[in-house]
Amino acid sequence: MIRPSPARVSPSGSFAAVALLALAALPLATPVEAQVPDRDVQIATALKAAPPGRAEEATVLGYTASGEVVVLREGTNDLHCLADNPAQDGFNSACYHESMEPYMTRGRELRAEGITDGGQRNQMRWDEADAGTLPMPEEPATLYVLSGESYDPATDEIAGRYLRWVIYVPWATPESTGLPARPTGPGAPWLMFPGTAGAHIMVSPPQPGG
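Our subject in this report is the structure included herewith.

Quick notes on the rules
- Residues numbered from 1 in each chain as written.
- Predicted model: local features only at pLDDT ≥ 70, side-chain atom pairs only at ≥ 80, totals over all residues.
- Heavy atoms only, no water.
- Helix = DSSP H or I, 4+ residues; strand = E, 2+ residues; numbered from the N terminus.
- Buried < 20%, exposed > 50% of the residue type's maximum accessible area, 1.4 Å probe, protein only.
- Contact = heavy atoms within 4.5 Å.
- Areas by Shrake-Rupley, 256 points an atom, 1.4 Å probe, with all protein chains shown as cover.
- Disulfide = S-S within 2.5 Å.
- Core = buried A, V, L, I, M, F, W, Y, C linked by side-chain atoms within 4.5 Å.
- Expected span 1.5 Å × (residues − 1).
- Polar contact = N/O pair within 3.5 Å; in protein donor to acceptor, adjacent residues only side chain to side chain.
- Pairing = 2+ DSSP bridges.
- Axes fitted to C-alpha atoms, helices over the stretch in contact; angles between N-to-C directions.
- Salt bridge = Lys/Arg side-chain N within 4 Å of Asp/Glu carboxyl O.

1. Quick notes on the overall build of the chain
Line of reasoning, step 1. Looking only at helices and strands, the chain features five helices and ten strands.
Line of reasoning, step 2. Taken across its 210 residues, the chain has 46% of its residues classed as buried.
Line of reasoning, step 3. A sequence separation of at least 24 residues applies to 57% of the contacts in the chain between residues at least 6 apart.
Line of reasoning, step 4. For the chain, the accessible surface area stands at approximately 10100 Å², while carbon and sulfur atoms represent 53% of it.

2. Some points on the state of the cysteines
Line of reasoning, step 1. Applying the stated criterion across every chain, the model contains one disulfide.
Line of reasoning, step 2. Between the sulfur of C81 and that of C95 lies a disulfide, 2.1 Å long from S to S. Measuring the twist about the S-S bond at about 105°, one finds the C81-C95 disulfide to be right-handed. Of the two residues, C81 sits in strand β3 (residues 79–82) while C95 sits in strand β4 (residues 91–97), which places them 14 residues apart along the sequence.

3. A word on the nonpolar core
Line of reasoning, step 1. If you look at the biggest cluster of nonpolar residues, it comprises 24 residues, and the most contacted ones within it are M100, Y103 and L143.
Line of reasoning, step 2. Listed by contribution, the elements that provide at least two residues to this core are β1 (59–63), β4, α3 (101–112), α4 (118–130), β5 (141–148), β8 (162–168) and β9 (190–192).
Line of reasoning, step 3. Here this core takes three residues from β5, the largest share from any one element.
Line of reasoning, step 4. Aside from chain neighbours lying at most four places away, what touches M100 is P137, A141 and Y168.
Line of reasoning, step 5. The next biggest cluster of nonpolar side chains, apart from the first, holds 16 residues, and it includes L47, A49, L72 and A83.

4. Points about α4
Line of reasoning, step 1. The terminal C-alpha atoms of α4, which comprises 13 residues, lie 18 Å apart, in line with the 18 Å expected from a rise of 1.5 Å per residue.
Line of reasoning, step 2. Among the residues of α4, G119, R121, N122, Q123, R125, W126, E128 and A129 are the ones counted as buried.
Line of reasoning, step 3. One side-chain oxygen at the N-terminal end of α4 lies 3.1 Å from the backbone nitrogen of G119; it belongs to D117.
Line of reasoning, step 4. Just past α4, the residue G132 takes up positive phi, approximately 85°.

5. Notes on the sheet that holds β5
To summarise the sheet geometry, strands pair through backbone hydrogen bonds and adopt either a parallel or an antiparallel arrangement.
Line of reasoning, step 1. If you walk across this open sheet you meet the eight strands as β2-β1-β3-β4-β5-β8-β10-β9, and the pairing is mixed. Each having just a single partner strand, β2 (69–73) and β9 make up the two edges of the open sheet. Taken pair by pair, the neighbouring strands of this sheet meet at an average axis angle of 25°, ignoring direction.
Line of reasoning, step 2. In terms of strand pairing, β3 meets β4 through four bridges, oriented antiparallel. Across the sheet, the residue bridging to L82 is A94, located in β4.
Line of reasoning, step 3. Lying on the sheet, α3 is in contact with β1, β2, β3, β4, β5 and β8; it crosses β4 at an angle near 140°.

6. Let's talk about the pattern of salt bridges
Line of reasoning, step 1. Enumeration over the complete set of coordinates arrives at seven salt bridges.
Line of reasoning, step 2. For D78, the salt bridge identified is with R54, shortest N-O distance 2.5 Å. Here the residue D78 occupies a position in the loop between β2 and β3, and R54 occupies one in the loop between α2 (39–46) and β1, the gap between them amounting to 24 residues.
Line of reasoning, step 3. For R106, the salt bridge is made with E109, and the minimal N-O distance between the two is 3.2 Å. Separated by three residues within a single helix, R106 and E109 lie in helix α3, roughly one turn from each other.
Line of reasoning, step 4. Judged by relative accessible area, which is 17%, R106 ranks as buried.

Structure, rendered in structure tokens:
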């Protein structure tokens with residue numbers, strides 16, 4: 001893969017971008033035990049972010065009472081799904097290609113080490129990827145992000161359900177993809193953090209009711 005010279009990009013952007021930064025870091029939480037749903041609930045809600053036909057064989061990660069991210073179920077396909085973090089407001093689950101796991105895991109490690117700034121964690125990971133010490137996908141890798149206001153286990157419904165797509169294309173640029181480097185309209189794809197190891201295509205449909 002030909003890699004353009006890496007660029008240092010300020011982690012500013014739209015609401016979707018801010019939410020993505022929070023997800024990519026996968027912060028460790030410190031919830032009390034009563035706040036953590038049981039294993040089956042975590043698995044079921046994590047898989048809600050999976051594309052059709054991919055959930056049954058996906059690997060599922062979730063949270064312990066101490067906030068540690070652990071594997072709840074080993075899968076057999078290339079999809080990893082992460083349950084909602086019970087220590088954070090609202091609902092947010094995600095599924096991503098297995099080639100993204102080193103990047104996601106490193107974000108959790110840095111957060112556990114006390115690196116609380118999402119932009120700093122991103123830059124540290126990009127620098128490690130540029131140095132060849134942090135593996136990145138060799139091909140485009142998709143992240144599915146499902147968010148909402150809340151989840152009701154009684155009805156199995158997510159209030160304000162909203163699904164968006166993120167396709168990681170490390171070191172891609174507007175010149176290599178033909179994509180703009182900023183949003184041009186609701187649902188239109190654009191390239192965020194171009195030229196960096198964290199370059200990705202954002203596809204964010206219009207918000208419900210908006």
